[in-house]
Structures are given as structure tokens and as C-alpha cells.
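A closer look at the structure
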Amino acid sequence: MSRYARATRSRLGPRSKVRSVAGQAFILQLLLTLVLVAAAVVAVAADAHKHSSLDARRRSLAVAETLAHSPGIARAISHDKPTAQLVSHAEATRKGSGVDSVVLFDTHGIRLTHPERPMIGKRIVGPAGLVRDELSGKTITETFRASQGPSVVSAVPVTNADGTFIGGVSVGVKVASVNSAVDHRLPLLLGSGAGALALATGGTALMSRRVRRQTHGLGTVEMRRMYEHHDAVLHSVREGVLVLTEDGRLLLVNDEARELLRLAPDAEGRHIGELGLEPHLTELLTSGRRVTDEVHPCGDRLLVVNMRSTDRAGDPAGSVVTLRDTTALRVLSGRAEEARERLKLLSDAGVRISSSLDLTGTAEQLVDVAVPRFADIVTVELLEPVLRGEEPEPPYEPLVPHRTAVGGVPPEAPVFRVGERVVYASATPQSRAVQAGAAVLQADPTGTAEWPPAAYGAEARHLLDRGVHSLITVPLRFRGVTLGLATFWRTRRGEPFDEADLAIAGELAVRTAVCVDNARRYAHEHATVAALQRTLLPSGLPDQDAVEAASRYLPAQGAVGGSWFDVIPLPGARVALVVGKVPGQGVHAAATMGRLRTAVQNFSALDLPPDELISHLDELVIRLDLEHDAGSQGSRITGAGCLYAIHDSVSGRCTMARAGDPGIVLTRPDGTVDIPAMPASPPLGQGGEPFEAVSLSLPAASRLVLYTNGLLQGHDRTVGTGLDLLRHTLKAEPDLGPDETCRSLFHTVLPDRPSDDVALLVARTRLLAPENVAEWEVPFDPAAVAPTRAACARTLRAWGLEDAVCTAELVISELITNALRYGTAPVRIRLLRDRGLVCEVSDGSSTSPHLRRAATTDEGGRGLFLVAQFARRWGTRYTSYGKVIWAETALDDR
């Protein structure tokens, strides 16, 4: 505390409680105004009460006399129906005069009129004396207290021309009705009082303001106390204060400013140029300009200077200067800024490193964060098992990691190449860090030691010429397992690494190790699911002659989806083309895809039409979903899609049905591109609606393109845009084969970032030559078996299949005999020469034959057994008119 503050504190006493003169005058005027307003209100209220009763008496009497002496009143009272003639006149008088009631009565006191109609015909009521005077024909005016408050009633008799009393008029007025008029004057009175009070308040405020401006609102005692307080504060604050006159003389200086500027005791009153200050400070203080937070050196200190003019509102011209010592604050600020940068580095690292589930991407994110904010060069190396998704096991000798990411290396430096395997000797910091499981700091800030160590290797020596002087190498460890290591390098441009940097590098390594382990686990799971999917998808397309087919599958980025395709050969020179999609990703989607693909193959073995097959598949999905808990996540199949098409190379017909969104596009040989109009059907598992099939006649060399929506839809593209691009590509390249078409579509139509995995199947149709097809109508007679068998044998010999005639005759004979014995007309037989010889016998019955082993005593039942023994394959398929039993025998040249 300064000597001025100590002296002032000893003189401080209790604060005066005396109000200012302006305040006392204002309170006096306020009280006077309130008394005057209250007196005026009381006087008006008393006068209103006095005159309201008198006014009510005069008004009621005047109305009563006027009505009683009105022409026709006496005649109306004497009429046999006085009420009818008087009611309207009385009501008009009451409303026009503003009284409360007008009542006419006869000599018996019976009311002839009244404002309330139910009261007409009843006797008048009131005080007995008043009623008696009214019926005696006297003119009276009385005041009494009724239920509605004080009221005045005036009664005037009505007489004939001869003066005979025939009735009377009674007029009533409530005193409150008269008072209401007086009450309307009270707001005016109160408003006038408020105006007077406001005027007095304004005058007092103006007077008080003038006094405060002259005395600053203080009396002598307060002004003395204010000066003492301000003097104490001025010399106690930790900030220098100087007050300068306009000509640059020092008017006032506090203790802090004396100490900061090292001023002499007699500095006050002298010119700034005479105080021995540094030239730049002298120039600044005498400039008189506005200064805000300018930093200036003063000896070994850094001073923050603020300067403002005092020439405001008539104040004396001059300036006030404040000085603040920031030497220690700058040091603390630098440390705080360094700590803040480190915290921000760790925060950014936590966000960016965890943004990827890819091993390489995670390592690259660490490099991007650390260069150049923490190190000039950073390398990240992972152990080989980690790259395979496995967990490394100690010992880690010899240390041969895989360099995964590098950052900050000059382009001309022939070291630290990404993708190579690095061999570290046991004496290198990297090997020592991995063996110890802790970070290793190696630095040569003085430049006197051997740097880098000879054991470190040749590649670091290549960086010596580029100024590398220190490194930190940290193992990437998670749950006690070393996954790799990160090495941070600094060059001569920055300070060498220290212990604080060692902690930062360790924190970066910990966060990176967690993310690397997550990426490793994800890679392992992804590899497992991908392997499962590869086993469930077709490894190749089967050999068949109905179509020329090619396919492509592209998994989703970073995930495995549930799309699949299939080509299934069918008997009768036919083939089934399938494309499907299961919702979701991961193991469940891959396993479900395998189940549905197996189901489609099994249903195809039954040779079902496309619409029936899709219906059976829909029922299967519903049944599988019912087996799972409805609340379990990711286990439902509902929403899967499937497109199933059958191409018949004999007739050229293609029949197809669809559930969900897999699509198909048709390209005809002339180059026209068409999208078959297929009925919209819900995805599998929703049920409730039938599936419909569409049949098209396709010429040879037509292209069928079956796909899932992943081919068309991406993150920046809709399905409609992708479909237009698909049609344009197919139309522009009409002569491409299936494999070239797949390659072209993946190159031009596939989005850069598909929204899902992609299954694509392209088939170019073929037709079986007419000379390889023969058919006959078989009479429904057992005797027709032999001629038909002979005709078939002749055809086979004409096809050059002499070696197959014997077996074919046996099969044909048994199939025709079975149709004639157990079926119904019509019966037809058709021979197809394809990869094998196919014999088809159709009849009008839908009864399915069954293969059985006949007993020794049975006379029949051996036909189908013989067919199964001699044929390579046989089976039954149903048609709209019956069934077809077919058998395929091998040809020697196939």
C-alpha cells in the first residue's frame, strides 16, 4: 500500500446520511401536491353527494308534473282500457327523461303502467305513509332507501276538468344514477392532480440536475471523502497512471508508474522530455494521439500502453496514460499457447484417426495430423499379421514391419518408401521401443554426439544432410499386444524433442493403436464374410447351349452385401436366369443370400414356372422370418428381391417374374433397347399379392441384362438417371458379347461410389436349329407305340445317332406306354438334339409318376425304373394343359 493510501485510510470516517438540498425540496413539493389533490377529491365528493339528492328530487317532480298535466292523460286514465293507451306514452317519457321508473295508478292504487310488465295491475308498494299520501291525491317528493340504494319518488295527482282525483303519476329516480354523472368528473380531477405532480417532479429534476452538475452530486463531506478514496485507489492499483497537460507536462503520477518508468520524486510538474525516458516513449507520450494496447520496451520490461484524451465536455485539455507490465504474462501466455496447441493436436488426432476402418487409412490419418504440427517426418509401420487381420504374438524379433504410411519426406530423399518391409537391428530405437513396450526418445541437440547412431541403419544417415536431429519412436500397443510402431522426426528447423513431446507422442500412439486394432478386427471380419460370400456365389457359369452368358459381382465399399446371380440349365434346351438381392450387409446378408440361392436352385429342379417359383420363394421368406424373434435386429429377410427368367431355345419364348426391385433390360438384334413391362410386385416376405409372369418372344442374339440397383444408384445419382445411362450404353454398343457388355457397363454405368453391392448378369439368346427338333402326335391307342417308336428311330438315324437308337427306343417305348396307360389324351412326343438327346412325352393328365421298385410277382411298374437306369436324367414338369415327362440320354460326341 502506498503512503498516500495509508494516510487516506486513517482519515476515513462514517459516511454522512444528510440528503442534498435538491432532494429535500423535491420531497416537500411531492407531499404538498399529494395533499392538494386529496383535498380536491374530498371536496368534489362531498359536493356531489349534496347536489345529487337535490337534483334527483327536482328531476322526479318535474317529470311527474309534466306527465300528470299532459293533454289526454286524464281521458286515458278514465278509459275502459287505460293500460293500452298509457304504457307506450309512459315508457317514452321514462326513456326520454332519464328517470328510472314512471308509474301511473288509479284511485285504488292499481298500477296502470310500469317499466316491468308483470308489475302492471298490482298495487303500488312503498312506505305506508307515502302510499297513503299518493292515494289521497297529494303532491309529494320523498327520499327513502330502497333495495337498489337511496331513491327519490315524486307523486302528482291526475284530476278531471272539475278537479276530481282520478289517479296519479309516480316517478322514481335512484340517487346513484345522478352520482354517475358526477363520477365522470373525478378522472379529470385526478388527471389534473397527476399533471401538477409531474410538473413539480420535472421542475425538481431540472433543479437537481443543475445542482449535481455544479457539485457532482456531492456535498462538502462527500467530495472530501471521494477525493481520499480516489487517491487511495490511484496509488494502490497494479497499473501505472499518468495525467499529462496539453503542453506535455506531468500533472499526476501514481506509485506504479513511478516504479515502471523509474521516475524521480520531483517528476510531477516537469515536462515529459525532462524525465529521462527512452526516446520512443517520450515521443509516444507527447504525441497526444489515441493509443490502444501498444507494446513498448522500457529497459528490461514490456509495457502495454493505453492513452486517451481528457478534453471531453469542457474538461481541461490533456491526456491520461495507463501502463501495464506484461513481461511475465508473455512467458505464461507462450506456455499456455503451446499447451493449447498440444491439446488441439490431440483433439484433432482423436477425431481424424478414428474416422477410418481401413488400416492404411488409419495410418495415413496419423501422418496427416502429426506433419508438420508435431514432427517434420512421420513413418507408421505395421506388423505383417496385422495386415492380414490377425493378432501378432511375441517375440517380435527380428523386427520386420511393413511400412504403411509416410509423411513429410522431401521428394528428392531416397528413403522411407511406402509398401516396403523394413528390417530393424536390435540396437535401433525402434527395436528397443518394441521390446520395452515404451516410447524411446533419441536427440542430439548439441550436435557433438554421433548422430544418428551407427546401429540405426543407412536410411537415417541419408536424412542427416537434410537436418534431422531428433526422433521419437513409439510402439502401437493395444491390450498388451504390439501392432506396429510410429516414428516422429524433427529437422534443424525446429527444437529437438523433449520429455513433454514424449508424452504427446505416446498419446498419439495410444489413440492410433486403438483405431488400428479396430481396423484389424474389421478387416478380419470383412475377410471372413467375403470368403463366405465367395463360397456361396457361383464360381463359374455352367455349360449350356440355350444362352451365352457372362456375369460380374462387385461388393459394396468396405462391406459385403447380399446380391447374387445364377444360371441354371433346365431340361428341354431351356435355361433359368436369376438375379436377387437380400437387404442388409455383413455375415447375415451373405448367409441369407446363400439360403435363398439354394432355395431357387431347388425350386428350379421342380421345373416350376417363374411366377410359381417366386410365390414359393415368398412363402419361404415369410416362414424363415417367423422363425426369428421379431425384435432381433438384422435377422429378418423381408424386403429381399428376386428376378427369375426362363428362356426356351426351342420356341424362343422367355418367361419372367419378379419380386422387389431387381431389373431387366432387353436388347434386340436390330439394336433397339426395351424394358419389359412387368407387373409391379412387392419384395419377398410381404405376402398378400400374387406374382404375375410375362412372356416374350425373343429372336436369336437378343441380349438380356439382369441387374441389381447397385449398378444404377450411387451417393450422387438416382436410379432413374442410372437407367437412362444404361439404355444409352446398350444402344450405343449393340454388337458386344456378354462379357464385353459386362465390362462396358461397369466402365460407363457403374457410379464412382455405388450405394450397394452390384450383381450383373448378361445373356445372349440362342435358338435350337429346327432340324434338331422332331415331334409327333401319338394316337391314344396302345397299338400306336410301335409305329411311333419306329418313326423316332428313323429320325435318330437321319441325325446320325445310330449308336443311340437302341437306348432311345427303350426310353421312348416306356414313356409312351406310361402316358397311354396312366394319362389322358392328347399325347405327343418330341425329340431334341442338344448336348444330349432329350425325349419329351406329354399328355393331358396332371398326375405325377413315381419311381418304385417292382416286386417279383408284379406284372408292371418297371417302366420308369428302366428309364431311370438308361437315361442320364429324367423328370416331370407341369404345363397349362397337363404334364411332360422327359428323359435325357448322353450322346457319344458330347
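Rules behind the numbers
- Residues numbered from 1 in each chain as written.
- Predicted model: local features only at pLDDT ≥ 70, side-chain atom pairs only at ≥ 80, totals over all residues.
- Heavy atoms only, no water.
- Salt bridge = Lys/Arg side-chain N within 4 Å of Asp/Glu carboxyl O.
- Helix = DSSP H or I, 4+ residues; strand = E, 2+ residues; numbered from the N terminus.
- Pairing = 2+ DSSP bridges.
- Axes fitted to C-alpha atoms, helices over the stretch in contact; angles between N-to-C directions.
- Contact = heavy atoms within 4.5 Å.
- Phe/Tyr/Trp six-rings, centres within 6.5 Å; stacked < 30°, edge-to-face > 60°.
- Buried < 20%, exposed > 50% of the residue type's maximum accessible area, 1.4 Å probe, protein only.
- Parallel < 35°, antiparallel > 145°, perpendicular 65-115°, else oblique.
- Left-handed = near helix turned anticlockwise from the far one by under 90°.
- Nonpolar A, V, L, I, M, F, W, Y, C, P; charged D, E, K, R; others polar.

Inspection of the entire model under this criterion finds 29 salt bridges. The partner of Arg 270 in a salt bridge is Asp 266, with the nearest N and O atoms 3.4 Å apart. Where Asp 607 meets Arg 574, a salt bridge forms, and the shortest distance between an N and an O atom there is 2.6 Å. You can see Asp 607 sitting in the loop between helix 17 (587–605) and helix 18 (610–626) and its partner Arg 574 sitting in strand 17 (residues 574–582), a full 33 residues away along the chain.

As a further point, take the sheet that holds strand 26 (residues 827–833). If you walk across this open sheet you meet the five strands as 25-26-27-29-28, and the pairing is antiparallel. Every interior strand has two partners, whereas the edge strands, strand 25 (773–778) and strand 28 (873–879), have only one. Strand-to-strand twist of the sheet, defined as the mean angle between neighbouring strand axes without regard to direction, takes the value 15°. Taken strand by strand, helix 21 (residues 785–798) contacts strand 25, strand 26 and strand 27 (836–843), and its axis lies near 170° from that of strand 25. Contacting strand 25, strand 26, strand 27 and strand 29 (882–890), helix 22 (residues 805–822) runs over the sheet at an angle of about 15° to strand 27.

One pass over the structure, following the stated rule, counts two aromatic pairs. When the centroid spacing of 5.4 Å and the interplanar angle of 85° are considered together, the rings of Phe 374 and Phe 488 count as edge-to-face. A residue pair is termed long-range when its members are at least 10 positions apart, and Phe 374 in the loop between helix 12 (359–370) and strand 10 (377–382) and Phe 488 in strand 14 (residues 481–491) qualify at 114 residues. Note on Phe 374: relative accessible area 5%, which makes it buried. Judged by relative accessible area, Phe 488 falls into the buried class, the value being 0%. Relative to Phe 497, the ring of Phe 374 lies with its centre 5.4 Å away and its plane at 40°, an arrangement referred to as tilted.

Quick look at the packing of helix 19 (residues 719–732) against helix 20 (residues 738–748) now. Taken N-terminus to C-terminus, the directions of helix 19 and helix 20 make an angle of 135°; their axes are 10 Å apart at the nearest point. Judged by the angle between their axes, helix 19 and helix 20 are oblique. In terms of crossing hand, the pair formed by helix 19 and helix 20 is right-handed. Of the residues in helix 20, those in contact with Leu 725, Leu 726, Thr 729 and Leu 730 of helix 19 are Thr 741, Ser 744, Leu 745 and Thr 748. Considered class by class, the residues forming the contact of helix 19 with helix 20 number four nonpolar, four polar and no charged.

Coordinates in, geometry out; function isn't part of it.
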